[in-house]
Structure formats: C-alpha cells, structure tokens
Amino acid sequence: MKIILLGPLTSSFTKNDIDILSSKHKLVLINSSIGSGVKGIINLLKSAFKSLYHLFSSDVVISWFSDYATLAPVIFAKILGKKSIVIAGGYDVGYLPELNYGAKANKFRWFCTSNSFKLSDLILPVSHWAEDSMKKLIDLPKDKKIMMLYNGIKSERFNLPKEENRQFFITVSQSSSTVEYLIKGTDLFIQTAKRNPHYNFKLAGLRGDILRLARKDGKDLPNLEIIPGPLDLYKELIPLYQEAFAYLQLSKEESFGLAVLEAMRCGAVPIVSTGGALPEISGKYAQIADTQEQINSALDLAANVSREYREELSDFAANYDIKFRGDKLLQAVDDIVKKK
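Throughout, a residue's number is its position along its own chain's written sequence, starting from 1. Side-chain atom pairs in this predicted model are given and counted only at pLDDT of 80 or more, local residue features only at pLDDT of at least 70, and totals for whole chains, interfaces and linings cover all residues. Think of the side-chain values as coming from all heavy atoms in the structure, minus any hydrogens and water.

Caption draft 1: Spotlight on the overall build of the protein. Each helix corresponds to a stretch of at least 4 residues labelled H or I by DSSP, and each strand to a stretch of at least 2 residues labelled E; elements are numbered beginning at the N terminus. Along the protein, the regular secondary structure elements total 14 helices and 11 strands. Within these notes, the globule rule equals 2.2 Å times the number of residues to the 0.38 power, and the radius of gyration is based on C-alpha atoms. What you see for the protein is a C-alpha radius of gyration of 20 Å, in line with the 20 Å of a compact globule of 340 residues. Its C-alpha atoms give the protein principal-axis dimensions of roughly 65 × 40 × 35 Å. For every residue, the accessible area obtained with a 1.4 Å probe (protein chains only) is divided by the maximum for its type, and the residue is called buried under 20%, exposed over 50%, and partly exposed between those limits. Of all 340 residues assigned to the protein, the portion counted as buried reaches 54%. Accessible surface area values rest on a Shrake-Rupley calculation with a 1.4 Å probe, where residue burial reflects the displayed protein chains alone. By element, 52% of the accessible surface of the protein is carried by carbon and sulfur atoms, the whole surface being about 15700 Å². Charge assignment: positive for Lys and Arg, negative for Asp and Glu; neither His nor the chain ends contribute. Where a charge lies is defined by one atom per residue type: Lys uses NZ, Arg uses CZ, Asp uses CG and Glu uses CD. Taken together, the 44 basic and 38 acidic charged side chains of the protein have centroids lying 8 Å from each other.

In structure tokens:
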C-alpha cells in the first residue's frame, strides 16, 4: 500500500508514525509546517500540488492535525476515490478565545480545519478529551467514523535510574510564542519556583524570544535553572527526568502530553492541571494542581514518595507503549482502505 503522510515531520509523534507505517507500507512524506506570510502561501500551494500528484498512485492520505494544508489533500482524495484519515489532537481541537488560541479563532483557518474533519473518511483523536473537544467545536455528521487512538512513547528507551538521586522539579517547553508560553503554564512554573525557594526547579527546551522572556520572568531566582533548547531526548532529557522528583505540566489545555508519560516512565511524579487530557493519561498517579495550594502539596508529596511508588507509575506509563498505537494504526489504515 502507498500512503501519503502529511504532518510536522520533525516532531517526535510524526516520526513515530513514520516508523510504524513504513514497516508495512510505502510512504510519501509531505511537511505541513508551511510557515507564514508569502512563504507560507507558496509552501501551501507546493504541498497541495505534491499531494495531488502522489494521490493518483496512492491509496490513502494521513494528516497529522487538521489545518490549512489538510483541506486540499482531503478534497483531492474525495474526488479521486481515495481514502483520507485525519489525526486530531492539538491546535485543531483546542479553543481558548480569551487568548485567541485555536484554529477556530481564525475564520479561514477554521474553514480549512473543520471541513477537513467533515470530509475525511476517518478521524483519529489522540485522547478522549481531544475527541470530546472536537465534537463540541464541530457539528460532525452523525455517521462520521471516529476512533480514539492514544499517542505513544517508545517505553523501552525510558527507565528508572539504578539509584535514586532526585534533586529538582522539571518541565519542558518548546513554546514559540507568548500565547503558547501562557497556555503551557510556563509562567506558573516560574511562579511556583519563586514561591518554593526550598526546592530546586529546571525549565528546559525554550529558545529565541521565549527563552529571553523566561529568563526575564525568572530573573534573580537562585533555585531556578533555565536550560535552552533544543535538547536531545535520549542524551539530555532522559537524565533530567531520572533526577526529577516530579514533572510539572500546568497547561491551560493539553490534548495529550507525551513528555508527562516520558517523565513518568523515568519515575517522575506527574503534577498536572486539569487542562485537557492530562489527568486522563496520567491516571490515578496524577497529582492534580490547579491552585497554588494544590501545587505546593503535590511538590511535598513528590519529594517524598518511595522507590516502589515510582516503579508503579513507571509501569503504568508503559501502557502507552508505541507498539499498542502501532498495531491499532496499521489495522485502522487497512480497514479504511478496504472499505468501499
């Protein structure tokens, strides 16, 4: 089978699906990170024409997220009698109007996003929260085929340290705008460090203007270390996870939370907000923290849990191993292509 895979090709979740799909099928990769302005328009047109060209000899087009670049391939697939699958779980299903966040905040972007969902043959939300949010935002046909399929991690590459030497609390962020900085709760993480001088904190992964903003917000905090990105997952981030009491994800909205599971697999307690799917994916091990009092209590708990508890939450995170996503994704593709 020949598959067109459209998505942000440098993202870890896209790379995981490339590995899964290429194990059984031939892939054509198209980058959906088109940029903005005139360059973005040119890249969008290139993406559309490349999709059309390859669709004549392909069986299905799979799009990671629904966005500007998704609509044309989905329409072309419909015209040519091919199948289309859209993976939902990000800006496409999020909406925070007070921050002008989400595809719905832009009329043309929402036109592309919502119609891509409506015209696709199958939607694969990455969490129950993502599915529920999508349904609230879009009036989908009653017979629309939707199958929730969790994202996954390569769990065998993450493990607990041989000896416990937990020293700090951590969060990782690749925010590229002030809005993302606020949505990811990066400002709350820095405030938490300020209010808890008896603990050490590490903020990793930021770059450019947002890195400068974090350094400004965290100025004069001796217990906060800001580590610039990009960071190598296996050489740099995993050792940090293994030394962390807990991983904090204080997002206003999150459709999944890969880093939470990666850190859990390394024994870090998940301290999460109720924003989006965070409590869903971290299960009974989630330390819910929506207020400063809850955050402070969660910090104290995470600093004192046993090795056995960390082993338990690590085992729980292994339930999201990429092999489970892989088996279901391959089956879903086979089923939708065979369906007339």
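Caption draft 2: Structural view of the pairing of strand β2 (residues 26-31). In this scheme, strands are said to pair when DSSP sees at least two bridges between them. In the sheet, strand β1 (residues 2-7) pairs with β2 via six bridges, with the strands oriented parallel. Along β2, the bridge assignment pairs Leu-6 with Ile-30. If you view a crossover with the strands going away from you and the path from the first strand over the helix to the second runs clockwise, you call it right-handed. Remark: the β1/helix α1 (residues 12-22)/β2 crossover connection has right-handed handedness.

Caption draft 3: Layout of the sheet that holds strand β11 (residues 287-288). Overall, parallel pairing links the six strands, which are arranged β8-β7-β6-β9-β10-β11 in an open sheet. Every other strand in the sheet has two partners, leaving β8 (224-227) and β11 as the edge strands with one partner each. Strand direction decides the pairing type here: strand β7 (residues 201-204) and β8, joined by four bridges, are parallel. Counterpart to Leu-203 in the pairing with β8 is Ile-226. Any two residues whose heavy atoms approach within 4.5 Å are treated as being in contact. What counts as an axis is a line fitted to C-alpha atoms, over the stretch in contact for a helix, and the angles between N-to-C directions run from 0 to 180 degrees. On the sheet, helix α10 (residues 258-265) packs against β9 (244-249) and β10 (269-272) and is oriented at approximately 170 degrees with respect to β9. Sheet strands touched by helix α12 (residues 292-302): β6 (168-172), β7, β9, β10 and β11. Its angle to β10, the strand with the most contacts, is close to 180 degrees.

Caption draft 4: Spotlight on the side chain of Lys-144. Summarising the element assignment, Lys-144 is placed in the loop between α5 (128-137) and β6. Contacts of Lys-144, omitting those with residues within four sequence positions, involve Phe-117, Lys-118, Leu-119, Ser-120 and Ile-123.

Caption draft 5: Layout of α12. Among all positions in α12, only Gln-292, Ile-295, Ala-298, Leu-299 and Ala-302 are buried. The buried residues of α12 occupy an angular sector of 120 degrees when projected down its axis, which confines them to one face. Within this analysis, the arc is defined by the directions that extend from the helix axis to the C-beta atoms.

Caption draft 6: Summary view of the packing of aromatic side chains. Note on aromatic contacts: the rings of Phe and Tyr and the six-membered ring of Trp form a pair at centre separations within 6.5 Å, being stacked when their planes are under 30 degrees apart, edge-to-face when over 60 apart, and tilted otherwise. Overall, the coordinates contain 17 aromatic pairs when judged by the stated rule. When the centroid spacing of 6.1 Å and the interplanar angle of 75 degrees are considered together, the rings of Phe-256 and Tyr-320 count as edge-to-face. Of this pair, Phe-256 sits in the loop between β9 and α10 while Tyr-320 is found in the loop between α13 (307-317) and α14 (322-338), placing the two residues 64 residues apart along the sequence. On the accessibility criterion, Tyr-320 (9% relative accessible area) is buried. What links up through ring pairs into an aromatic cluster is the set Tyr-150, Phe-256, Tyr-285, Tyr-309, Phe-316 and Tyr-320. Any Lys NZ or Arg CZ that is within 6 Å of a ring centre and within 35 degrees of that ring's normal is treated as a charge sitting over the ring. Between the NZ or CZ atom of Lys-104 and the centre of the ring of Tyr-95, over which it lies, the distance is 5.6 Å.

Caption draft 7: Local environment of the packing of helix α2 (residues 37-55) against helix α3 (residues 68-80). In contact at an axis separation of 9 Å, α2 and α3 are set at 25 degrees when each is read in the N-to-C sense. Classified by the angle their axes make, α2 and α3 are roughly parallel. Handedness of the α2/α3 crossing: right-handed. Two secondary-structure elements touch here, α2 through Leu-44, Ser-47, Ala-48, Ser-51, Leu-52 and Leu-55 and α3 through Tyr-68, Ala-69, Ala-72, Pro-73, Phe-76, Ala-77 and Leu-80. Of the residues belonging to the contact of α2 with α3, the class tally is 11 nonpolar, two polar and no charged. Put simply, angles under 35 degrees are roughly parallel, angles over 145 are roughly antiparallel, angles from 65 to 115 are roughly perpendicular, and the rest are oblique. Left-handed describes a crossing whose near helix is turned anticlockwise from the far helix through less than a right angle; right-handed describes the clockwise counterpart. Throughout, the ten residues Ala, Val, Leu, Ile, Met, Phe, Trp, Tyr, Cys and Pro are labelled nonpolar, Asp, Glu, Lys and Arg are labelled charged, and all others, Gly among them, are labelled polar.

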